[in-house]
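Okay, here's what each chain looks like letter by letter:
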Amino acid sequence: MKNVPDTKLGKMYREHIQHILDKNIDALLDQYTDDATLISSFSKSPVIYKGRDQVNEHMQGILGIDGLETDIVFWAETENPETLMITEQITMTVGGQKSEMRFADSWVLQDGKIAIHFAGMVQHPDGTLA
């Protein structure tokens with residue numbers, strides 16, 4: 001992980017990525033509220049996941065990731081309300097295929113957990129822009 005600040009949310013982000021690397025979905029889900037909403041653009045059409053079971057469904061995709069490298073290009077956070085907005089340059093290997101893409105993630109936290117997660121892909125592995 002590159003360019004992650006030494007802040008409370010920086011620590012949470014590092015843990016988030018480590019859970020992905022470890023394929024530890026339970027620990028990853030523990031970072032979310034039970035009624036969390038995750039809005040994903042990974043499939044080029046918006047998909048909305050609500051609640052722990054549906055967020056778990058979304059997270060199953062991490063099981064196929066063999067490697068993940070993140071380089072933070074943009075980082076902004078606020079304290080009240082507690083939010084995070086980032087843009088990341090991502091390199092990952094899935095099924096032996098190395099892919100590069102750009103993500104834009106935003107978190108809205110409630111009591112130290114992610115209540116809303118905008119999981120946006122800005123540039124898809126095929127090079128197309130979202």
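Residues numbered from 1 in each chain as written. Predicted model: local features only at pLDDT ≥ 70, side-chain atom pairs only at ≥ 80, totals over all residues. Heavy atoms only, no water.

An unreviewed UniProt entry lists the protein chain under the name Nuclear transport factor 2 family protein, from Dyadobacter chenhuakuii.

Colleague: I tried to follow the UniProt feature "domain: SnoaL-like" (unreviewed entry) in the protein chain on my own but got confused; where do I start?
Modeller: Taking the numbering used here, the UniProt-annotated feature "domain: SnoaL-like" (unreviewed entry) corresponds to residues 14-116. A distance of 18 Å separates the end C-alpha atoms of residues 14-116, which is 21% helix and 57% strand. (UniProt positions renumbered as here; feature names shortened; annotations may be inferred. Helix = DSSP H or I, 4+ residues; strand = E, 2+ residues; numbered from the N terminus.)

Colleague: Is there a simple way to think about the pairing of strand E2 (residues 47-50) in this case?
Modeller: Where strand E1 (residues 32-40) lies against E2, 4 bridges are found, and the strand directions are antiparallel. Within the sheet, the bridge partner assigned to Ser-40 lies in E2 and is Val-47. Hairpin connection of E1 to E2: 6 residues between the antiparallel strands, including Lys-44 at a positive phi of 70 degrees. (Pairing = 2+ DSSP bridges.)

Colleague: Explain the packing of aromatic side chains here, please?
Modeller: Each aromatic ring pair is specified by the distance between its two centres and by the angle formed by the two planes. Here the structure, examined in full by the defined rule, presents 1 aromatic pair. Note on Tyr-13 and Trp-75: the rings are 5.7 Å apart at their centroids and 90 degrees apart in plane angle, and the pair reads as edge-to-face. Note that Tyr-13 is positioned in helix H1 (residues 8-21) and Trp-75 in strand E3 (residues 65-79), a separation of 62 residues in sequence. Across the pair, exposure class does not vary: Tyr-13 and Trp-75 are buried alike. (Phe/Tyr/Trp six-rings, centres within 6.5 Å; stacked < 30°, edge-to-face > 60°. Buried < 20%, exposed > 50% of the residue type's maximum accessible area, 1.4 Å probe, protein only.)

Colleague: What am I meant to see in helix H3 (residues 51-59) here?
Modeller: A turn of α-helix holds 3.6 residues, and therefore any two residues three or four places apart point the same way. Those residues of H3 that sit buried are Gly-51, Val-55, His-58 and Met-59. Along the axis of H3, the buried residues cluster in a sector spanning 110 degrees; they form a single face. In H3, those exposed residues whose orientation departs by more than 90 degrees from the buried face are Asp-53 and Glu-57. On its buried face, H3 is in contact with helix H2 (25-29), E1 and E2. (Arc of directions from axis to C-beta. Contact = heavy atoms within 4.5 Å.)

Colleague: Please clarify how the pattern of salt bridges should be interpreted in this entry.
Modeller: Side chains bearing opposite charge may pair, as long as their charged atoms lie close to each other. As enumerated under the stated definition, the model contains 4 salt bridges in all. Among the ionic pairs, Glu-82 bridges to Lys-8, the shortest N-O distance being 3.1 Å. Here the residue Glu-82 occupies a position in strand E4 (residues 82-94), and Lys-8 occupies one in helix H1, the gap between them amounting to 74 residues. Using a relative accessible area of 58% as the deciding quantity, one classes Lys-8 as exposed. Measuring nitrogen to oxygen at the nearest pair gives 3.8 Å for the salt bridge that ties Asp-66 to Lys-23. Taken together, the residues Asp-66 in strand E3 and Lys-23 in the loop between H1 and H2 connect sequence positions 43 residues apart. (Salt bridge = Lys/Arg side-chain N within 4 Å of Asp/Glu carboxyl O.)

Colleague: What am I meant to see in the environment of Lys-23 here?
Modeller: Judged by its relative accessible area of 31%, Lys-23 is partly exposed. Lys-23 sits 41 residues away from Gly-64 along the chain, and the two C-alpha atoms are 8.9 Å apart. In contact with Lys-23, other than residues within four places in its own chain, are Ile-62, Leu-63, Ile-65 and Asp-66.

Colleague: Please explain the nonpolar core as it appears in this structure.
Modeller: Nonpolar side chains tend toward joint burial in soluble globular proteins. Counting 31 residues, the largest nonpolar core has Tyr-13, Met-59 and Trp-75 as its most contacted members. Of all the elements in the fold, those that place two or more residues in this core are H1, H2, E1, H3, E3, E4, strand E5 (97-110) and strand E6 (113-123). At 5 residues, H1 tops the list of elements feeding residues into this core. If sequence neighbours within four positions are ignored, Tyr-13 has contacts with Met-1, Val-4, Thr-70, Ile-72, Trp-75, Ile-86, Glu-88 and Trp-107. (Core = buried A, V, L, I, M, F, W, Y, C linked by side-chain atoms within 4.5 Å.)

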